[in-house]
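# Architecture at a glance
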Amino acid sequence: MTADSNNHLWWQEGVIYQIYPRSFQDSNGDGIGDLQGILDRLDYLQWLGVTAVWLSPIYPSPMADFGYDISDYQGIHPLFGSKEDFKRLLDAVHHRGMKLILDLVPNHTSDQHPWFLESRSARDNPKRDWYLWHDPLPDGSPPNNWLSVFGGSGWQWDEPTGQYYYHAFLKEQPDLNWRNPEVRQAMFDVMRFWLDLGVDGFRVDVMWHMIKDQQLRDNPANPDYQSYMATYEQLLPVYSTDQPEVHDLVLEMRKVLDAYDDRLMIGEIYLPIHQLVAYYGIDGKGAHLPFNFQLLLLPWDSRQIAAAIDQYEGVLPAGGWPNWVLGNHDQPRITSRVGKEQARVAALLLLTLRGTPTIYYGDEIGMRDVPIPFGEVQDPQGLNMPDKNLSRDPARTPMQWDNSPNAGFTTGKPWLRLADQFRRENVQAQRDDPYSMLTLHRRIIGLRQQEQSLMVGDYVPVFADTQLIAYVRQAKGYPRFLIILNLSHRPAYFKTKDPTLKGVVELATYPEREGQTVGESIQLGGDEGVVIRLD
Ligand code: GLC
């Protein structure tokens with residue numbers, strides 16, 4: 001299939017940048033990032049070259065799960081600013097030709113949301129059925145064995161009304177009943193509210209969780225469970241997630257978006273590839289981008305990753321646009337997973353594969369997971385399973401801007417401690433350093449956005465040595481590129497019999513390589529990645 005190079009949407013051509021608002025930039029000295037802070041840093045994002053900014057939740061919330069427990073879907077948490085601040089931010093983003101994507105959390109609300117307060121007030125309350133209330137089993141135990149992702153049972157007993165309610169996450173995050181048409185309408189109205197304001201799309205939180213088995217069947221045991229894993233992994237969530245009916249729902253959500261021009265729906269979905277691609281929907285009428293987390297989850301092994309890329313390319317439905325994610329606020333940072341040198345190779349991979357890349361804030365300067373002393377842990381996932389090293393705080397620490405106190409993030413006390421080495425590892429220090437991670441990011445983004453083949457061209461795998469991943473990107477009528485990445489620390493050879501695979505190194509993890517003419521046989525150093533402009 002040859003890409004039609006001239007007919008792509010902004011989110012197919014663009015690069016997405018995820019901001020965790022608490023940690024990006026504080027403007028008022030309370031130690032927590034805010035909307036004005038983001039506004040103040042838009043020049044940086046534009047300089048970096050990203051197309052769209054996705055903000056993790058900024059709505060009113062008791063913050064039991066740092067904003068993923070929403071108590072008002074149509075407001076802004078005062079910690080982050082006001083509606084006016086939001087409108088100013090949106091305008092400023094648009095003014096720069098960029099897009100703004102909001103997090104939408106439709107699976108659950110906060111237990112402080114007025115809907116839930118009503119729902120739990122009495123069994124005959126009109127909103128009772130908006131949530132998943134069920135009677136106990138005869139012995140008083142929960143309706144079934146479903147577990148909470150954050151540890152313990154997924155069911156919480158409510159003494160006053162004598163029923164359990166289901167929460168896939170914290171008990172402070174009760175799941176909505178999406179089988180109820182009123183719930184659907186209420187959430188569609190929320191979507192319209194933000195779309196009317198001009199928001200360019202949503203990243204839909206835990207999309208695969210939204211509908212559960214109506215018969216509440218028990219989940220089966222996971223035969224591969226190991227004690228180091230989260231307790232949730234003890235069972236296979238076959239009845240509590242990824243139900244067939246979820247696809248009707250995704251379709252309906254998409255219809256809401258399609259009443260507007262050019263808006264984007266991303267789905268957060270942690271599922272094996274074959275189940276994941278079903279979320280593109282029949283005839284592509286589902287999510288535009290079901291998040292593809294393979295680079296986050298697979299071991300950093302060239303053979304496994306190369307196979308996964310090919311498999312993903314192979315199972316994408318016709319017209320389904322690929323996407324790649326290397327980091328987010330729920331997973332360890334790439335630099336901490338694969339090391340500083342390989343993180344450069346990973347950046348080239350993310351930004352040269354076919355499909356929309358999502359960059360997690362700070363990864364562009366190689367930020368690492370910051371060790372958080374036990375007494376300072378804030379993430380409920382970490383607190384609830386203290387012995388499993390599952391806290392997400394280390395990947396959520398404040399952005400490292402410069403070498404001033406608190407890295408320029410705040411004049412107050414940061415809500416989460418900063419990396420000790422922030423004085424060396426920050427935006428300011430890397431901005432003009434030709435060898436820095438930031439410079440590598442800026443250059444590869446620039447090249448990608450300038451070259452049709454890299455931006456939207458086809459992906460053609462190329463046979464390579466076991467330590468390497470190699471592929472060509474090509475759009476008809478435009479220069480082609482060969483990308484060769486060494487995912488190991490040892491040198492390796494790339495050899496080809498294809499006489500057309502020769503050209504000049506345009507960009508490399510070790511810039512000394514650039515400008516070299518290469519062909520037939522190329523020796524790569526450990527941790528080396530090259531982008532070759534083919535003749
Ligand atoms: C998603 C979010 C995560 C949150 C969870 C519950 O996985 O990314 O941060 O804790 O949903 O809303």
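Residues numbered from 1 in each chain as written. Predicted model: local features only at pLDDT ≥ 70, side-chain atom pairs only at ≥ 80, totals over all residues. Heavy atoms only, no water.

Among the 14 residues in the neighbourhood of the ligand, the closest are listed as Asp65, Asp205, Glu268, His329 and Asp330. Side-chain polar atom of histidine 108 to an oxygen atom of the ligand: 2.9 Å apart, as the coordinates give it. Measuring from an oxygen atom of the ligand, one finds a side-chain N or O atom of glutamate 268 at 2.8 Å. In the complex, 97% of the free accessible area of the ligand, which totals 310 Å², lies under the protein chains. Counted by class, the shell around the ligand contains four nonpolar, three polar and seven charged residues. (Near = heavy atom within 4 Å. Polar contact = N/O pair within 3.5 Å; in protein donor to acceptor, adjacent residues only side chain to side chain. Areas by Shrake-Rupley, 256 points an atom, 1.4 Å probe, with all protein chains shown as cover. Nonpolar A, V, L, I, M, F, W, Y, C, P; charged D, E, K, R; others polar.)

Two faces belong to every sheet, and in a regular strand the side chains alternate between them. Most of strand β14 (residues 481-486) sits out of view: six of its six residues are buried. Of the two faces of β14, both are covered, the one formed by Phe481, Ile483 and Leu485 as well as the one formed by Leu482, Ile484 and Asn486. Relative to β14, strand β13 (residues 468-474) is paired through six bridges, and the arrangement is antiparallel. Across the sheet, the residue bridging to tyrosine 471 is isoleucine 483, located in β14. Taking the residues that link successive antiparallel strands as the turn, the β13-β14 hairpin has six residues, and the phi of glycine 477 there is positive, at about 85°. As defined by bridge partners, β14 adjoins strand β19 (residues 529-534) across five bridges and the pair is classed as antiparallel. By the bridge assignment, leucine 485 is partnered in β19 with glycine 529. (Buried < 20%, exposed > 50% of the residue type's maximum accessible area, 1.4 Å probe, protein only. Helix = DSSP H or I, 4+ residues; strand = E, 2+ residues; numbered from the N terminus. Pairing = 2+ DSSP bridges.)

As a further point, take the sheet that holds strand β5 (residues 155-158). Reading across from one edge, β4-β6-β5 is the order of the three strands in this open sheet, with antiparallel pairing throughout. Lying at the two open borders of the sheet, with one neighbouring strand each, are β4 (133-134) and β5. Inspection of the sheet shows β4 paired to strand β6 (residues 163-166) by two bridges, in the antiparallel sense. From the neighbouring strand, histidine 134 faces β6, where its bridge partner is tyrosine 164.

As a further point, take the sheet that holds strand β2 (residues 52-55). One open sheet accounts for eight strands, arranged β9-β8-β7-β3-β2-β1-β11-β10; its pairing is parallel. The sheet terminates laterally at β9 (289-290) and β10 (323-325), the two strands that pair on one side only. Note: β10 against strand β11 (residues 356-360), three bridges, orientation parallel. Residue asparagine 323 lies in a different strand from β11, and its bridge partner there is threonine 356.

For the rest of this paragraph, the subject is the UniProt feature "domain: Glycosyl hydrolase family 13 catalytic" (unreviewed entry) in the chain. The residues that UniProt annotates with the feature "domain: Glycosyl hydrolase family 13 catalytic" (unreviewed entry) are residues 18-396. Structurally, residues 18-396 is divided into 29% helix and 11% strand, and its ends, taken at the C-alpha atoms, are 12 Å apart. (UniProt positions renumbered as here; feature names shortened; annotations may be inferred.)

This part covers the domain arrangement of the chain. One frequently used descriptor of interface size is the decrease in accessible area upon assembly of the parts. Taken as a whole, the chain is organised into domain 1 (10-107 + 181-212 + 246-444), domain 2 (114-166) and domain 3 (458-534). Distance from the C-alpha centre of domain 1 to the C-alpha centre of domain 3: 30 Å. The interface is formed by 23 residues belonging to domain 1 together with 28 residues belonging to domain 3. Taken together, the connections running from domain 1 to domain 3 amount to one salt bridge. The residue arginine 443 makes a salt bridge to glutamate 514 at a minimum N-O spacing of 2.9 Å. Counting across the domain 1 and domain 3 interface gives eleven residue pairs in polar contact (both at pLDDT 80 or more). (Domains from an automatic or database assignment. Contact = heavy atoms within 4.5 Å. Salt bridge = Lys/Arg side-chain N within 4 Å of Asp/Glu carboxyl O.)

The end-to-end C-alpha distance of helix α10 (residues 302-315), which contains 14 residues, comes to 20 Å, matching closely the 20 Å that a straight helix rising 1.5 Å per residue would cover. The complete set of buried residues in α10 reads Ser302, Ile305, Ala308, Ile309, Tyr312 and Glu313. For α10, the angular spread of buried residues about the axis comes to 135°, placing them on one side. Exposed and facing more than 90 degrees away from the buried side of α10 are Arg303 and Gly314. Looking at the buried positions of α10, the neighbouring elements they touch are α8 (273-276), α9 (294-297), β10, α12 (340-352), β12 (458-462) and β13. Taking the backbone nitrogen of arginine 303 as reference, a side-chain oxygen 3.2 Å away marks aspartate 301 as the first, capping residue of α10. (Expected span 1.5 Å × (residues − 1). Arc of directions from axis to C-beta.)

On to the nonpolar core. Tyr17, Tyr44, Leu45, Leu55, Phe86 and Met399 are the most contacted members of the largest nonpolar core, which totals 155 residues. In contact with phenylalanine 86, other than residues within four places in its own chain, are Leu35, Ile58, Ile76, Leu100, Leu102, Trp194, Leu197 and Val199. Grouped together as the second largest cluster of nonpolar side chains are 18 residues, Val472, Ile484, Ala508 and Ile522 included. (Core = buried A, V, L, I, M, F, W, Y, C linked by side-chain atoms within 4.5 Å.)

The residue methionine 437 is located in helix α15 (residues 437-450) in this model. In the structure, methionine 437 is positioned ten residues away from valine 427 in sequence and 9.6 Å away in space, judged by C-alpha atoms. Those residues within four positions of methionine 437 in sequence are excluded, and the remaining contacts are Ala343, Arg344, Asp363, Glu364, Ile365, Gly366 and Gln430.

What follows deals with the packing of aromatic side chains. For the structure on display, the rule yields 28 aromatic pairs. Geometrically, the ring pair formed by phenylalanine 24 and tryptophan 401 is edge-to-face, given 5.1 Å between the ring centres and 75° between the ring planes. With phenylalanine 24 in the loop between β1 (16-19) and α2 (35-40) and tryptophan 401 in the loop between α13 (380-384) and α14 (427-431), this pair connects stretches of sequence that are 377 residues apart. Summarising the burial analysis for this pair, phenylalanine 24 and tryptophan 401 share the class buried. Judged by centre distance (5.2 Å) and plane angle (80°), the rings of phenylalanine 86 and tryptophan 194 are edge-to-face. With phenylalanine 86 in helix α4 (residues 83-95) and tryptophan 194 in helix α6 (residues 181-197), this residue pair connects regions lying 108 residues apart in the sequence. The residues phenylalanine 86 and tryptophan 194 share a single accessibility class, namely buried. Taken together, the ring pairs connect Tyr17, Phe24, Tyr44, Trp47, Tyr360, Tyr361 and Trp401 into an aromatic cluster. For the cation-ring pair, arginine 431 lies above tryptophan 47, with the distance from its terminal atom to the ring centre recorded as 4.2 Å. Above the face of the tyrosine 493 ring, lysine 495 is positioned so that its terminal group lies 5.6 Å from the ring centre. (Phe/Tyr/Trp six-rings, centres within 6.5 Å; stacked < 30°, edge-to-face > 60°. Lys NZ or Arg CZ within 6 Å of the ring centre and 35° of its normal.)

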